[in-house]
Structure formats: structure tokens, C-alpha cells
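Report on the structure
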Amino acid sequence: MERLSRPFFERYTPDVARDLLGCLLVRKVRQKAVSGRIVEVEAYRGSDDPASHSYRGATKRSAIMFGEAGHAYLFFSYGAHWCLNFITEGKGQPGAVLIRALEPVEGIEEMVKNRGVSEVGRLTDGPGKLTKALSIDGGLNGEDIVTSKRLCVMGRDGPVRIVASARIGITRGLDRQWRYYVEGSPFISKRVTRSR
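A few points on the structure. Computed from a predicted structure; not experimentally measured. (Residues numbered from 1 in each chain as written. Predicted model: local features only at pLDDT ≥ 70, side-chain atom pairs only at ≥ 80, totals over all residues. Heavy atoms only, no water.)

**Some remarks on the pattern of salt bridges**
Close approach of charged atoms lets side chains of opposite charge pair. Heads up, the rule is: In what follows, salt bridge is the name for a side-chain nitrogen of Lys or Arg lying within 4 Å of a carboxyl oxygen of Asp or Glu. Partly exposed residues are those whose accessible area sits between 20% and 50% of the maximum for their type, while under 20% is buried and over 50% is exposed, using a 1.4 Å probe and protein chains only.
Scanning the model with the defined rule gives 13 salt bridges in all. One salt bridge connects Asp 19 with Arg 11, and the closest N-O pair in it is separated by 2.9 Å. In this structure Arg 11 comes out as partly exposed when scored by relative accessible area, which is 28%. The closest approach of N and O atoms between Arg 176 and Asp 175, which form a salt bridge, is 3.3 Å. A relative accessible area of 19% places Arg 176 in the buried class. What makes Asp 175 exposed here is its relative accessible area of 60%.

**Examining the packing of aromatic side chains**
Two aromatic rings, taken as a pair, are described by how far apart their centres are and by the angle between their planes. Here is the rule: Only rings of Phe, Tyr and Trp enter the pairing, Trp through its six-membered ring, and a pair is recorded when the two centres are within 6.5 Å. The plane angle decides the type: under 30 degrees is stacked, over 60 is edge-to-face, the rest tilted. Two conditions define a charge sitting above a ring: the NZ of Lys or the CZ of Arg must be within 6 Å of the ring centre, and it must be within 35 degrees of the ring normal.
Inspection of the entire model under this criterion finds 4 aromatic pairs. Relative to Phe 9, the ring of Phe 8 has its centre 5.1 Å away and its plane inclined at 75°; by these criteria the two rings are edge-to-face. Relative to Trp 82, the ring of Phe 76 lies with its centre 4.8 Å away and its plane at 50°, an arrangement referred to as tilted. An aromatic cluster is built from Phe 8, Phe 9 and Phe 86, whose rings are joined through pairwise contacts. Note that Arg 11 overlies the ring of Phe 8, its terminal NZ or CZ placed 4.7 Å from the centroid.

**Describing the environment of Gly 184**
What counts here: Counting from the N terminus, the helices are the DSSP runs of H or I reaching at least four residues and the strands are the DSSP runs of E reaching at least two.
Within the secondary structure, Gly 184 sits in the segment after strand S8 (179-182). Judged by its relative accessible area of 71%, Gly 184 falls in the exposed class. The sequence separation of Gly 184 and Lys 132 amounts to 52 residues, and the corresponding C-alpha distance is 24 Å.

**A closer look at the side chain of Ser 148**
Definition in use: Here a polar contact means two N or O atoms within 3.5 Å. Within protein one must be a hydrogen donor candidate and the other an acceptor candidate, and residues neighboring in sequence count only if both atoms are side-chain atoms. Whether two residues are in contact is decided by their heavy atoms: any pair within 4.5 Å suffices.
Considering the arrangement of structural elements, one finds Ser 148 in the loop between helix H4 (127-133) and strand S6 (151-154). A polar atom in the side chain of Ser 148 sits 2.5 Å from the side chain of Glu 143. Of note is the side chain of Ser 148, whose polar atom sits 2.8 Å from the backbone nitrogen of Arg 150. Discounting residues that sit within four places of it in the chain, Ser 148 has contacts with Arg 3 and Glu 143.

**Observations regarding unusual backbone geometry**
At Gln 31, a residue that is not glycine, the phi angle is positive and equals roughly 65°. Relative to the helices and strands, Gln 31 resides in the loop between strand S1 (24-29) and strand S2 (32-45). Given a relative accessible area of 83%, Gln 31 falls into the exposed group. Positive phi is not limited to glycine here, since Glu 89 has a value of about 65°. Structurally, Glu 89 can be placed in the loop between strand S4 (81-87) and strand S5 (95-106).

**A few points about the pairing of S4**
Rules: The criterion for strand pairing is that DSSP finds at least two bridges linking the strands in question.
Counting buried positions over the 7 residues of S4 gives 5, a clear majority of the element. Of the strand pairs in this sheet, strand S3 (residues 72-77) and S4 are connected by 6 bridges, and their pairing is antiparallel. Pairing of Ala 72 across the sheet is with Phe 86, part of S4. Here 3 bridges tie S4 to S5, and the two strands are oriented antiparallel to one another. By the bridge assignment for S5, Phe 86 is matched with Val 97.

See the structure below:
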């Protein structure tokens with residue numbers, strides 16, 4: 001598997017979202033690696049997407065979405081947990097893909113310690129769960145995942161079957177089928193109906 005390059009992220013956000021499924025998210029902390037295969041994502045775009053943080057233009061929080069593709073965007077959700085996104089498209093055209101769930105691959109013992117949960121199926125089945133399991137927080141906001149030694153994404157090693165549905169936990173932009181997940185994966189968000 002090869003590390004994803006800048007051009008991968010410099011594309012239409014829903015296309016990037018779909019193509020991230022099956023890729024490997026790798027986090028390195030103190031020379032240790034923890035990783036998980038991406039199995040669930042959501043796409044968010046700029047002025048044409050009322051559910052996006054960038055819908056009303058650049059703010060202190062969303063300004064990063066208007067920058068260079070291939071950077072991490074971390075935001076604190078509900079005052080409880082960090083959510084990891086990857087910036088997409090080009091400068092001035094905001095877009096981001098929220099990483100919603102992973103299939104744990106490497107460093108499972110470390111993930112168990114970080115989460116305080118022993119059941120592998122519950123370690124990374126939600127955006128806040130996966131960031132805690134992989135020790136990802138606001139200190140990585142803006143990280144260049146194309147060049148970083150702390151966070152990167154490796155390309156998928158085979159085809160995946162993708163299901164599209166409405167995004168979760170939003171009240172606007174419900175018409176867009178911009179949530180994507182790997183069909184049949186037991187690691188996607190548990191509170192979501194897995195119908196087409």
C-alpha cells in the first residue's frame with residue numbers, strides 16, 4: 001500500500017469520501033503505530049451544503065476548510081470528543097471528509113487502553129471513539145497528512161462494496177446521500193440503521 005498523495009484529496013469531496021473507504025489510517029505515537037481501516041465516512045462541502053461548517057463562509061473554526069487539501073481538521077463536538085476530518089478540493093473551495101468509523105488493525109492493545117473498552121467491535125465504531133482510541137486530538141488540527149510522521153493514510157489493498165445513505169446527526173442537508181460505508185462491516189456506527 002502506498003501513502004495517499006495530495007492529488008488524491010484535491011478532488012470533489014464525495015468522490016474522495018468514497019475512495020477513502022478501505023484505506024488504512026495510521027497514527028504514530030512515541031514510535032508506536034496504531035491503525036484502522038476506514039469503513040465509514042461523511043462528505044461535507046461549502047456554500048452548497050447547509051450541514052457544512054463552511055456553509056456561511058470562513059470562521060475561526062472553519063477557515064482551515066478553505067485551505068490546502070490533505071490536511072487534518074479536528075473539531076470538538078458537543079464538548080465531549082474530537083472529530084477527525086480530511087480537507088479536500090482546492091484552496092478557496094471548502095470541503096472535508098469526516099472519518100466516522102474504523103476497523104481496528106494494528107495496536108489494538110493500545111486502543112483498548114486508550115478507550116477503556118475491551119470489545120474490539122466497540123473500539124472505533126464512531127467518530128469520537130476512533131479519535132480517542134488512536135490518541136487523536138486538537139493538537140493534530142492542521143496536520144499535513146501527506147507529509148506528517150504522526151498521521152497518514154495508506155491506500156486500500158483491494159476493492160470494497162460501498163453503501164450510500166443520508167448523513168447522521170444533522171438537521172439540514174438531509175437530501176444528500178453523502179454518508180458512505182463498507183457494506184457488511186460490523187465496525188460502522190452502531191446507532192445507525194444499515195439499510196440502503
